[in-house]
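Next come the chains, spelled out residue by residue.
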Amino acid sequence: MEQSFERWIGHKEQSAYLEIPFRMPEGVEAVTVSYAVRVEGEGKATIDLGIRDTERVRGWSGGARRTFTIGLERATPGYLPGALSPGEWAVLHNAYEVPAQGCVVTVTIRFQLAAPRWLKGDLHMHSVHSDGTYTLEENANLMEELGCDFLAMTDHNASSQNVAYPRQTNVVMIPGMEFTTNFGHSNFLGVADPLDDFRVSSMDDVHRRIRTARERGAKIVLNHPHCDHCPWLWDFDVDFDWVEIWNGPWREASLATLQWWHEQLVAGRRLTAVGGSDTHRPHPYVRHAWPTTWVYSDTKTVTGILGGIERGGVVISYAPEGPFATLRAGGYGIGAVVPGGAADELVLDASGLKAGDVLKLIGNRGTVAERRIDRDGTFALSHRLEASDTFYRAEVWRHFAEVDRTLLAAVTNAIYFEAAAAAARGGGQSHA
């Protein structure tokens, strides 16, 4: 959305503060204001720039800038990020210098409306704040160069990185910490300081640390639980939200976690799977966003991204360029619970495929469809739902010549089906 305004400023208004009112719509994720000054004839015009919201001045750049942006979590220097509450706002001007014949100010306001979309990033990496060699700025710049939208800096038992994040980056910096013990690792995401003390010596200690992080608002990820070097050896009966099924390049340990996660789904647990590169330093195969976690998010913010993961809208690909796959049944997508009787067909759409890729559709009854792709591009298949179906997910497998192995290239989270058997017997409800 865009609005434009013109305001003639007469010489007698010199030194006055002026307002150009506008209405902030509902559901704005970012607002960008730009302006130009036109003088007809001789003389010079100096018109300063700022903005107020419904309650206060939100920023001022004087004559230093011709444009600025305010978003929910970041803004142009001189301006405050935060809520973009609907109501009457105003662009502010200081008519510092106005020529005798006056001048015309043209203001353009662009509104970026919040809308659900797929964002991609990396939920597990390290920096110089623990045992990594990359600075925070280097990590952010590398992710931005890859076209990624977010990263989580999960330094080992450290939170200092969360208060040192670079501000001027288009990459959303998710606060994180890798709770690192001698018998397993777990990521705490979403809060800057999840723990006062990471040290543990018993299962009771682990429960207490996780409880503290939970109380402070962290999301808990069980990291690489079947890793050869640092598996989860504590009790699996801990309070966690999501599981990291893909850590760094695809390995046998990741396959073990993939199988474990599938068993959880078959048992009826609706558990979201995520991935993370676990990047520490330059390496030919352990690289930023290898793998890439895609999240269906309402906004490009920490809250939006973590909320998307919480809803299960997650796909993992081996790299930022894909491949990528989605599932839908009726009006429902990945992570959703489809009410009984609301859909009779599942559609799998995949993109970024290479000839030779193998696309699999997998549910609680095992693999129900498998296709070898004969050309690069996209592919779609549909599958008739049965009353006994409780979930479906998809995988893409690819042969990588560099290592002469067939490896997982993408995996979706599940779409779930509720009371399908009851619906088949006539006990379901229709859903619009």
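In this convention, every chain numbers its residues from 1, walking through the sequence in written order. The predicted nature of this model means local features are confined to residues of pLDDT at least 70 and side-chain atom pairs, given and counted, to a pLDDT of 80 or more, with totals for whole chains, interfaces and linings taken over all residues. Note that water and hydrogens are dropped before the side-chain values are worked out from all heavy atoms of the structure.

1. Quick notes on the side chain of N223
- Within the fold, N223 resides in the loop between β13 (219-222) and β14 (242-247).
- Throughout, a residue-residue contact means that at least one pair of heavy atoms, one from each residue, lies within 4.5 Å. In this structure N223 touches H124, E178, H185, S186, N187 and E244, once residues within four positions along its chain are discounted. Helix and strand labels come from DSSP, where a helix needs a run of H or I of at least four residues and a strand needs a run of E of at least two; each type is numbered from the N terminus.

2. Overview of the sheet that holds strand β19 (residues 332-333)
- Read across the open sheet, the four strands follow the order β19-β18-β21-β24; overall the sheet is antiparallel. In the strand order of this sheet, the two ends are held by β19 and β24 (377-384), each with one partner.
- Bridge count between strand β18 (residues 324-329) and β19: two bridges; the pairing is antiparallel. By the bridge assignment, R328 is partnered in β19 with G333. Strands pair, by our definition, only if DSSP identifies at least two bridges between them.

3. Observations regarding the pairing of strand β4 (residues 46-52)
- Here's how the labels work: a residue is buried when its accessible area is under 20% of the maximum for its type, exposed when over 50%, partly exposed in between, all with a 1.4 Å probe on protein chains only. In terms of residue burial, β4 counts as a mostly covered element, since six of its seven residues are buried.
- Where β4 meets strand β7 (residues 87-97), seven bridges bridge the pair, whose relative direction is antiparallel. Bridge assignment links I47 to a residue of β7, and that residue is A95.
- When β4 meets strand β5 (residues 57-62), the two strands line up antiparallel, connected through four bridges. In the sheet register, I51 faces β5, and the bridge partner there is G59.
- The turn linking β4 back onto β5 is made up of four residues.

4. Some details on the sheet that holds strand β1 (residues 2-9)
- If you walk across this open sheet you meet the four strands as β1-β8-β3-β6, and the pairing is antiparallel. Each edge of the sheet is formed by a strand with only one pairing partner; in this case those strands are β1 and β6 (67-71). Shown here is a sheet whose adjacent strand axes are inclined to one another by a mean of 15°, direction ignored.
- Of the pairings in the sheet, the one linking strand β3 (residues 28-38) to strand β8 (residues 103-113) comprises ten bridges and is antiparallel in character. Note on β8: the bridge partner recorded for V31 is F111. In this analysis, axes come from line fits to C-alpha atoms, helices being fitted only over the stretch in contact, and the angle between any two N-to-C directions falls in the range 0 to 180 degrees.

5. Observations regarding the nonpolar core
- One finds I174, F188, I245, W261, I309, L346 and I415 to be the most contacted residues of the largest nonpolar core, which totals 81 residues.
- Among the elements that make up this core, the one with the highest residue count is strand β25 (residues 391-400) (six residues).
- In this structure L346 touches L327, R328, A329, L361, L381, S382, H383, L385, Y392, I415 and F417, once residues within four positions along its chain are discounted.
- Core analysis: the next-biggest nonpolar cluster, separate from the first, contains 27 residues, L18, Y35, I47 and V107 among them. The term nonpolar core refers to a set of buried residues drawn from Ala, Val, Leu, Ile, Met, Phe, Trp, Tyr and Cys, joined through side-chain atoms within 4.5 Å.

6. Notes on the packing of aromatic side chains
- Centres within 6.5 Å make a pair out of two Phe, Tyr or Trp rings, where for Trp the six-membered ring is used; the pair is then stacked when the planes are under 30 degrees apart, edge-to-face when over 60, and tilted otherwise. As enumerated under the stated definition, the model contains 15 aromatic pairs in all.
- Judged by centre distance (6.0 Å) and plane angle (45°), the ring pair of F22 and F111 falls under tilted. You can see F22 sitting in strand β2 (residues 17-24) and its partner F111 sitting in strand β8, a full 89 residues away along the chain.
- The exposure class of F22 is buried, given its relative accessible area of 4%.
- Through a chain of ring-to-ring contacts, the aromatic side chains of W118, W294, Y296 and F324 assemble into a single cluster.
- The rule is short: NZ of Lys or CZ of Arg within 6 Å of the ring centre and within 35 degrees of the ring normal puts a charge over the ring. Across the ring face of Y35, the terminal group of R66 is positioned such that the distance to the ring centre comes to 4.8 Å.

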